[in-house]
Amino acid sequence: MLAVQPKARPSLDPQFLPAVLWNRAYRDLVARDPAARPFAIVLARPDGSVFRHETRVLSAGHPDAALTVTYAERLLKFLLWMKGGPRVLVAGADEVARALREVYSPTGARAFDHGFMGEKIFGETFTVEACAWERLPAAVETSLPMGRHLDGCRIGFDLGGSDRKAAALIDGEVVYSEEIAWDPYFQKDPGYHLEGVHDSLRRAAAHLPRVDAIGGSAAGVYVNNEVRAASLFRGVPPELFEKHVRRMFFTLQARWGGVPFEVANDGEVTALAGSIAMNDNAVLGISMGTSLAGGYVTPSGNITTWLNELAFAPIDFRTDAPRDEWSGDRGCGVQYFSQQAVARLAALAGFKFAPTMPLPEQLLEVQQAMQAGDPRARAIYESIGVCFGYAIAHYADFYEIRNLLILGRVTSGEGGELIIARAEAVLRDEFPVLAGRIRIRTPDEKSKRHGQATAAASLPASRR
């Protein structure tokens, strides 16, 4: 691995190896290699979308050429979870293409990604192929205006791993909102999910004279209102998922008389809520909750067709980095910016929680310790903040960011303030240009209470 010396280190995780610094060190090697080669990764989707990323890599005979596979593999992993696609074309280094094909195969280290990005989301076998540069397809990307419809009587809902929220709105004004605890992750009965959401809609509708439209946000991947993949439903057996969950929002729409009904990834709705509240665009939204949610509003104010599932995008390049329990990969964002991260760091800080204590309760214990001035809790939040500062710089290599919106239960209270302060310090010390360009925002109290549900409610256009 490349020698990288971060200016800041998380006290509880001092071996953290920032992806952004490793990549920059690799690119410095490339800049000094007179025989360096152009290199491209292209992701293609069945709908005709083509995402193209161009860079440069070391020559095949360079003494450090083995580093190129690490660089390319981590780059592909990030692109897959940022943008998504089942067909990968690699140009500029055939030996790297062969290595990626082996790693991203049913028997390779990224077998999870092979299945997930293939049949699971896009309905076709995942492939990685070498391609001549002149045969690479041109980029074909689309963005679309979404949301910002606030006319009439609407319901917005937001489904998380610990609770489900719903709000009733009349011409954009919230007249009712409610948060109900639930535990969806390991529920085998799909009726638990369907009836839980229906109950929240029913309770919100009781405060409206009629229902003109329903919009929702939820963790996971949703395409045209279909549930393609979501950790919320991980406990539902595959056959029941296909029969009852994949089109559950169509079932709910039918129950509500066929009113306009739209569901989007919660990260996208987070970014949309921030864009609405700030009256500005180029927003990357990050929610640190049960998992890590990401969403993006373009500089022109549109939503993309990208996945933006930053929970599974790598930000730590250590070979022994914490492993994600779902994908099996190491160094991915969910282990650094979520309730899982708090629990992981709490153990390192010396907290002794029972193995059966739920993550939300562990977070609450840490938050209370922070309020009491416990230095162990402070070390947890400082460590998250340092890692987050480096992650922001990494994200900025892929996204055009003017506003970074941060929210979620992990960022509540004094701990959240410390996360932001440490992240801003990292940006000032290591990446001063970014520090001057990116505004880190947190939602005001009104937005915290109603912003997500209001943005979700604005997704569908009403027929009135």
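Residues numbered from 1 in each chain as written. Predicted model: local features only at pLDDT ≥ 70, side-chain atom pairs only at ≥ 80, totals over all residues. Heavy atoms only, no water.

## What to know about the packing of helix 5 (residues 190-205) against helix 7 (residues 248-255)
Test applied: The axes used here are C-alpha line fits, helices contributing only the stretch in contact, and every angle between their N-to-C directions lies in the interval 0 to 180 degrees. Strands here mean DSSP runs of E at least two residues long; helices mean DSSP runs of H or I at least four residues long; both are numbered from the N terminus. Throughout, the term roughly parallel applies to angles under 35 degrees, roughly antiparallel to angles over 145, roughly perpendicular to angles from 65 to 115, and oblique to all others. Crossing handedness is read from the near helix: turned anticlockwise from the far helix by less than a right angle, it gives a left-handed crossing, and turned clockwise, a right-handed one. We call two residues in contact whenever any of their non-hydrogen atoms come within 4.5 Å of each other. Note on residue categories: nonpolar means Ala, Val, Leu, Ile, Met, Phe, Trp, Tyr, Cys or Pro, charged means Asp, Glu, Lys or Arg, and polar means any other residue, Gly included.
As a packed pair, helix 5 and helix 7 sit with axes 11 Å apart at the nearest point and diverge in direction by 40°. Taken together, the axes of helix 5 and helix 7 lie oblique to each other. Viewed along their axes, helix 5 and helix 7 form a crossing whose handedness is right-handed. The residues of helix 7 that touch helix 5, namely those facing H193, L194, E195, V197 and H198, are M248, T251, L252 and R255. Tallied by class, the residues present in the contact of helix 5 with helix 7 amount to four nonpolar, three polar and two charged.

## Describing the sheet that holds strand 4 (residues 127-130)
Note the following rule: One requirement defines pairing of two strands: DSSP has to find at least two bridges between them.
An order of 2-1-3-4 is seen for the four strands of this open sheet, with the pairing classed as mixed. Each having just a single partner strand, strand 2 (50-57) and strand 4 make up the two edges of the open sheet. Between one strand and the next, the sheet's axes are offset by a mean angle of 15°, whatever the strand orientation. As paired strands, strand 1 (residues 37-44) and strand 2 are joined by eight bridges and run antiparallel to one another. Following the sheet pairing, R37 is matched in strand 2 by V57. Relative to the sheet, helix 2 (residues 67-82) contacts strand 1, strand 2 and strand 3 (87-91), its axis offset from that of strand 1 by approximately 30°.

## Focus: helix 5
Our working definition: To estimate the expected span of a helix, count its residues, drop one, and scale the result by 1.5 Å. With a 1.4 Å probe rolled over the protein chains alone, any residue whose accessible area is under 20% of its type maximum counts as buried; one over 50% counts as exposed, and the rest are partly exposed. The term polar contact refers here to a pair of N or O atoms within 3.5 Å; inside protein, the definition further demands a hydrogen-donor-capable atom paired with an acceptor-capable atom, and it admits residues adjacent in sequence only when both atoms are side-chain atoms.
Compared with an ideal rise of 1.5 Å per residue, which puts 16 residues at 22 Å, helix 5 spans 23 Å between its outermost C-alpha atoms and is within 8% of the ideal. When helix 5 is considered as a whole, its buried residues turn out to be P190, H193, L194, G196, V197, H198, D199, S200, L201, A204 and A205. Where helix 5 begins, the side chain of D189 points an oxygen toward the backbone nitrogen of G191, at a separation of 2.9 Å.

## Some details on the packing of aromatic side chains
Think of a pair of aromatic rings as described by two things: how far the centres are apart, and how the planes are tilted against each other in angle. Here is the rule we go by: Centres within 6.5 Å make a pair out of two Phe, Tyr or Trp rings, where for Trp the six-membered ring is used; the pair is then stacked when the planes are under 30 degrees apart, edge-to-face when over 60, and tilted otherwise.
Inspection of the entire model under this criterion finds 28 aromatic pairs. Pairing W81 with F116 gives two aromatic rings, centres 5.0 Å apart and planes at 45°, and the pair type is tilted. In this pair, W81 is assigned in helix 2 and F116 in helix 4 (residues 111-122), connecting sequence segments 35 residues apart. An identical accessibility class is assigned to W81 and F116; each is buried. Taking 6.0 Å as the distance between ring centres and 25° as the angle between the ring planes, the aromatic pair formed by F157 and F249 counts as stacked. You can see F157 sitting in strand 6 (residues 153-159) and its partner F249 sitting in helix 7, a full 92 residues away along the chain. On the accessibility criterion, F157 (1% relative accessible area) is buried. The class for F249 is buried, based on a relative accessible area of 1%. Grouping aromatic residues by their ring pairs yields a cluster made of F16, Y336, F337, F388, Y390 and F431.

## Considering the pattern of salt bridges
Selection criterion: For salt bridges, the criterion is a side-chain nitrogen of Lys or Arg within 4 Å of an Asp or Glu carboxyl oxygen.
Applying the stated criterion across every chain, the model contains 35 salt bridges. Note that D199 and R202 form a salt bridge whose closest N and O atoms lie 2.4 Å from each other. Of this pair, D199 and R202 both sit in helix 5, three residues apart, which is roughly one turn of that helix. D199 sits in the buried class, given a relative accessible area of 18%. One connected set of salt bridges, linked through shared partners, spans E73, R74, K77, R110, D113 and D329.

Keep in mind these numbers describe shape, not what the thing actually does.
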